[in-house]
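Notes for the structure review
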Protein chains: 2
Amino acid sequence: MPLSPTPRSVIKRGRERAQTDRAQLYAVLDSCLVCHLGIIHDAAPVVLPTGYGREGDTLYLHGSTGSASLMAASRGVPVSVAVTRLDGIVYARSVFHHSMNYSSAVIHGVPAPVTDPEEKLHALRVVTEHLAPGSWTHARQPTRKELAATAVLALSLHDASVKLRSGPPGDDDDDVTGHDGWAGVLPLHHMWGTPESCPLLPDDVPVPPHVTRRSTPSPPPTDPHAAAHR
Amino acid sequence: MPLSPTPRSVIKRGRERAQTDRAQLYAVLDSCLVCHLGIIHDAAPVVLPTGYGREGDTLYLHGSTGSASLMAASRGVPVSVAVTRLDGIVYARSVFHHSMNYSSAVIHGVPAPVTDPEEKLHALRVVTEHLAPGSWTHARQPTRKELAATAVLALSLHDASVKLRSGPPGDDDDDVTGHDGWAGVLPLHHMWGTPESCPLLPDDVPVPPHVTRRSTPSPPPTDPHAAAHR
């Protein structure tokens, strides 16, 4: 299925940066950890950072039932979700062509609240495994009460667009020949640090493999689009 | 002036994470590079990653006059802007208390288009120096035509809220004593890589100090809130 099946998500500007491959949508969503959920609340837009997880063509958004904005988004209203990974700053010869290297996805749709307990548990597993792979089986799973205090929304990835920019500056020819300053890209890497054990933990509890595996240092990727969060 | 002077930006949930210090708002905005701009377009919310810069209590948002969404935001309508820096993943003893360490700011307001050429030039300088400090004097500055093709919005930081989470998991007492697995925080660092010179640049053009200074490796900060992008 192509991306951008509706007029809303057809990218009008920077068409050369628009992507039409669904695999690239998945790659952007899977390599980031925070999305920005936009809803309309009291006739004004509200944007909120939100945790999420993806399964197939469904994005699960997760929050507290005490969040007025998240609850507002669960009432059959349109939302917009953006996920962005910044890969570097593009230092051009001209101020005008300064830019960022990035991958971003924007999804439009009407999310459905996930209320069935089995389905909610499954959705929470997807979100938890996205945020902290391995935690679902390592940690204590949700009680009935905790499940009830958690709101989960399911949003279809049907209506989505992806934009990427990578590579060197796109300066005008006159600047390439006429400017004697520097131009290039300063990459930005997102790297896990050293795990910090909870101070309340007994000294003899080792950091488990599902955490150490994630934070094992590796050389910076040569392709900025491989600079994934996870 | 306190943050959250209006009902819209008073944080109802996670009050213990809400901050009331304006200096913390500035710190969040100054340590990130991309914001997420939410507008209403055709009765639905649209969220877009956008470049910005801050000067005092004004946030300048920057884009192309060819961007329908940015132009829609310049017509005296309410917008919401969110800036989020993810500092780490909180691995709790329970799935329910899994969380993220982060700093985020959300701003509400009606932005004003910056149209006066002098003011626009100044705003672009603020945005450029935020994205790429030192570039305004190193690169060629905008021509009249380039200036005309650039849209800049000014948004007051009057109505803003800040949320932070830092530190170890906040597990229930029963889990602290009863769970024998690991719990802690996996920090996420955002680090500049090695500058990549433009392939079209002559070999003898050195990377200038305003770029090398930014990417000089430094030890990871001990306070996750000091893990700034810049």
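These numbers come from a predicted model, not from an experiment.

**What about the overall build of chain A?**
In terms of regular secondary structure, chain A is built from seven helices and 11 strands. Counted over contacts in chain A with a minimum sequence separation of 6, partners at least 24 positions apart contribute 73%. Taken as a whole, chain A presents about 9,900 Å² of accessible surface, with 55% of it coming from carbon and sulfur.

**Section: the confidence of the model for chain A**
Summing up the model confidence of chain A, the mean pLDDT is 88 and the portion of residues at 70 or higher is 85%. Every residue in residues 219–230 of chain A scores below 50 in pLDDT, and together they form 34 contacts with partners more than four places removed in sequence or on other chains.

**Topic: the pairing of strand β5 (residues 79–91) of chain A**
Residue and element names in this part refer to chain A. Among the 13 residues in β5, 13 count as buried, and that is most of the element. Taken together, the three bridges between strand β2 (residues 34–41) and β5 define a ladder with antiparallel strand orientation. In the strand pairing of β5, Leu37 is matched with Val81. The pairing of β5 with strand β6 (residues 99–109) spans 11 bridges and is classified as antiparallel. Paired with Val83 across the two strands is Ala105, which belongs to β6. Note: β5 against strand β10 (residues 184–192), four bridges, orientation antiparallel. The residue bridging Tyr91 from the neighbouring strand is Gly184, located in β10.

**A look at helix α1 (residues 22–31) of chain A**
For α1 of chain A, the complete set of buried residues consists of Arg22, Leu25, Val28, Leu29 and Ser31 of chain A. The inward-facing, buried residues of α1 of chain A abut β3 (44–55), β4 (58–64), β5, β6, α3 (117–131) and β9 (159–165) of chain A.

**Considerations on the relation of the copies chain B and chain A**
Mapping chain B onto chain A is achieved by rotating through 180° and translating by 0.0 Å along the same axis, at an RMSD of 0.0 Å. As the rotation angle and translation indicate, the two copies are arranged about a two-fold axis. Proximity to the rotation axis, assessed at the C-alpha, singles out His190 of chain B in chain B; its C-alpha lies 2.3 Å from the axis.

**As for the interface of chain B and chain A**
Listed by partner, the interface residues are 91 residues for chain B and 90 residues for chain A. Area buried by chain B at its contact with chain A is led by Pro45, Val95 and Trp182 of chain B, which between them contribute 10% of it. Where chain B touches chain A, the interface holds two salt bridges. Between Asp175 of chain B and Arg140 of chain A there is a salt bridge whose closest N-O contact spans 2.7 Å. Counting every contact that joins chain B to chain A gives 30 residue pairs in polar contact (both at pLDDT 80 or more).

**Structural notes on the packing of aromatic side chains**
Applying the stated rule across the entire model yields two aromatic pairs over all chains. A cation over an aromatic ring shows up here: Arg54 of chain A above the ring of Tyr26 of chain A, its NZ or CZ 4.0 Å from the ring centre.

**What to know about the side chain of Ser94 of chain A**
One can find Ser94 of chain A in the loop between β5 and β6. Ignoring anything within four residues of it in the chain, the contact list for Ser94 of chain A reads Asp171 and Asp175 of chain A together with Ala139 and Arg140 of chain B.

**Examining helix α3 (residues 117–131) of chain B**
An α-helical turn contains 3.6 residues, so any two residues separated by three or four positions project in the same direction. Look at α3 of chain B: 21 Å from first C-alpha to last across 15 residues, which is about the 21 Å you get at 1.5 Å a residue. Turning to α3 of chain B, its buried residues number three or more, namely Lys120, Ala123, Leu124, Val126, Val127, Thr128, His130 and Leu131 of chain B.

**Some details on the pattern of salt bridges**
Residue and element names in this part refer to chain A. As enumerated under the stated definition, the model contains 12 salt bridges over all chains in all. Arg93 is the salt-bridge partner of Asp171, the closest N and O atoms lying 3.0 Å from each other. Of this pair, Asp171 sits in the loop between β9 and α6 (173–178) while Arg93 sits in the loop between β5 and β6, and the two are 78 residues apart along the sequence. Using a relative accessible area of 1% as the deciding quantity, one classes Arg93 as buried.

**Observations regarding the pairing of β6 of chain A**
All names here are of chain A. Of all 11 residues in β6, 10 are buried, a share of seventy percent or more. Where β6 lies against β9, seven bridges are found, and the strand directions are antiparallel. When the sheet's bridge partners are listed, Ile107 is paired in β9 with Ala160.

**Some thoughts on unusual backbone geometry**
For Asp42 of chain A, which is not a glycine, the phi torsion comes out positive at approximately 50°. Looking at the element boundaries, Asp42 of chain A is found in the loop between β2 and β3.

**With respect to the environment of Gly109 of chain B**
Residues and elements named next belong to chain B. You can see Gly109 is positioned in strand β6 (residues 99–109). Look at Gly109 and you get partly exposed, because its relative accessible area is 22%. Sequence-distant contacts of Gly109, that is, excluding residues within four places in its chain, are made with Val77, Pro78, Val79 and Leu155.

Procedures and definitions
- Residues numbered from 1 in each chain as written.
- Chains lettered and ligands numbered in written order.
- Predicted model: local features only at pLDDT ≥ 70, side-chain atom pairs only at ≥ 80, totals over all residues.
- Heavy atoms only, no water.
- Helix = DSSP H or I, 4+ residues; strand = E, 2+ residues; numbered from the N terminus.
- Contact = heavy atoms within 4.5 Å.
- Areas by Shrake-Rupley, 256 points an atom, 1.4 Å probe, with all protein chains shown as cover.
- pLDDT = per-residue confidence, 0-100.
- Buried < 20%, exposed > 50% of the residue type's maximum accessible area, 1.4 Å probe, protein only.
- Pairing = 2+ DSSP bridges.
- Least-squares fit on C-alpha atoms with pLDDT ≥ 70 in both.
- Buried area = accessible area lost by both parts, 1.4 Å probe.
- Salt bridge = Lys/Arg side-chain N within 4 Å of Asp/Glu carboxyl O.
- Polar contact = N/O pair within 3.5 Å; in protein donor to acceptor, adjacent residues only side chain to side chain.
- Phe/Tyr/Trp six-rings, centres within 6.5 Å; stacked < 30°, edge-to-face > 60°.
- Lys NZ or Arg CZ within 6 Å of the ring centre and 35° of its normal.
- Expected span 1.5 Å × (residues − 1).

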